[in-house]
Amino acid sequence: MQIGREPDSQAGQTRPMMKPTAWKPDDPRRTPVTLRCQYLEQGYSDRSLAIMVRDGTLARPRRGAYVAGDVWRDVDEVGRHSIRARAVLAQARTEVALSHVSGLLEYDAPIWGLGLDDVHLTRADGRIGRPEAGVRQHRGALEEGDVVERNGVPVTSPTRLALEVTTMTDVEAGLCVVNDLLHRGLTTESALAERYQRMSQWPNSLTTDMVLRLADPLIESIGETRAFHLLFRHSLPMPVPQYEVKEANGRVLGRVDFAWPELGVFLEFDGRVKYEKLLKPGQRPSDVVIAEKRREDRIRRATGWRCVRITWSDLEHPARTIEMIRQALFPAGAAA
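Cut-off values and rules
- Residues numbered from 1 in each chain as written.
- Predicted model: local features only at pLDDT ≥ 70, side-chain atom pairs only at ≥ 80, totals over all residues.
- Heavy atoms only, no water.
- Axes fitted to C-alpha atoms, helices over the stretch in contact; angles between N-to-C directions.
- Helix = DSSP H or I, 4+ residues; strand = E, 2+ residues; numbered from the N terminus.
- Parallel < 35°, antiparallel > 145°, perpendicular 65-115°, else oblique.
- Left-handed = near helix turned anticlockwise from the far one by under 90°.
- Contact = heavy atoms within 4.5 Å.
- Nonpolar A, V, L, I, M, F, W, Y, C, P; charged D, E, K, R; others polar.
- Core = buried A, V, L, I, M, F, W, Y, C linked by side-chain atoms within 4.5 Å.
- Buried < 20%, exposed > 50% of the residue type's maximum accessible area, 1.4 Å probe, protein only.
- Pairing = 2+ DSSP bridges.

Participant: Account for the packing of helix α7 (residues 171–183) against helix α9 (residues 206–214), with residues named and values stated.
Facilitator: One can describe the packing of α7 onto α9 by two numbers: an axis separation of 9 Å at closest approach and a directional angle of 50 degrees. Here α9 runs oblique to α7, going by the angle between their axes. Here α7 and α9 pass one another in a crossing that is right-handed. Two secondary-structure elements touch here, α7 through Val171, Gly174, Leu175 and Val178 and α9 through Thr207, Met210, Val211 and Leu214. Classifying every residue of the contact of α7 with α9 by side-chain character gives six nonpolar, two polar and no charged.

Participant: Give me the lowdown on the nonpolar core, citing residues and values where you can.
Facilitator: One finds Leu98, Leu104, Leu114, Leu121 and Ile325 to be the most contacted residues of the largest nonpolar core, which totals 57 residues. With seven residues, α7 is the single largest residue contributor to this core. Excluding anything up to four places from it in sequence, Ile325 contacts Leu231, Leu236, Trp260, Leu267 and Val308. One finds Val33, Val67, Val75 and Ala87 within the second-largest nonpolar core, a separate group that totals 10 residues.

Participant: Give a detailed account of the sheet that holds strand β2 (residues 58–62), specifying residues and quantitative values.
Facilitator: If you trace the three strands from one edge of the open sheet to the other, you get β1-β3-β2, paired in antiparallel fashion. Both edges of this open sheet fall to β1 (34–35) and β2, since each of them pairs with a single strand only. Here β2 pairs with strand β3 (residues 65–68) via three bridges, running antiparallel. Bridging across to β3, Arg62 finds its partner in Ala65. Its contacts with the sheet put helix α4 (residues 77–91) on β1, β2 and β3, and the angle it makes with β2 is roughly 75 degrees.

In structure tokens, the structure reads:
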């Protein structure tokens, strides 16, 4: 298996690929994994290892693999998955790379709607590996550039990861991943389309086609992606994402998450991450909320447009939320 470098950019793309920031050297997810056989070579016994696990000196992320107990206790579920993945790599008997949801974690990509029960690997030899508890081995053909080294381990590239994930989940969860990787510049629409042409024989790839049709690098967050998918699923007119609202003289009043200019409506998704991004040094969250409300008022006064605001809670009540949006788009009750 040939492991390539992560690209700094890709020529010929409308949106250049970016090199993602690697984890810091002291990131606990990088913690060394020591195998049982290595401890035995150093003179430890199974009994001494069991004692160290019981007293918390060591933790056992999977059978036959150990890490420092304090590190294991301090990381969350996502961090523990990454450590387990490193244990699986250390015990692998053939060339493999982290892939699918396990690969996404190496890029700090969103995993909304995805499970962390199994560590996902793709084999370089194309064979079917024997079943193993907590591990899923994939055998999709690896091409040049499909595997890179990241955070010290082999992992499939962002372009391949985006496509891999769409084969194991539904459109909504797959779209959250693809939009994130596109928005951060870790892949491009043309790179995805080009690689997709050579994976037509992959199983469960029908979802991939729909995700690529809906994907948009302008959509900035999971919440916005889920709102966009909600509109699509209920056959409402599709909005323009990240729409700049301008005055008659061309001055930009503000940018809204989604807009239907022809219908005089804009939609904002209110999420915690959004307000954290807008928070400046010395500001409180309430300051950001007030500033956002003033921005909304300026846009409504200048345009006469109607505003719809939705939150994470609204996404859990799709029928009610869609009806609210429908009434804003068609206040006279006309059919969409």
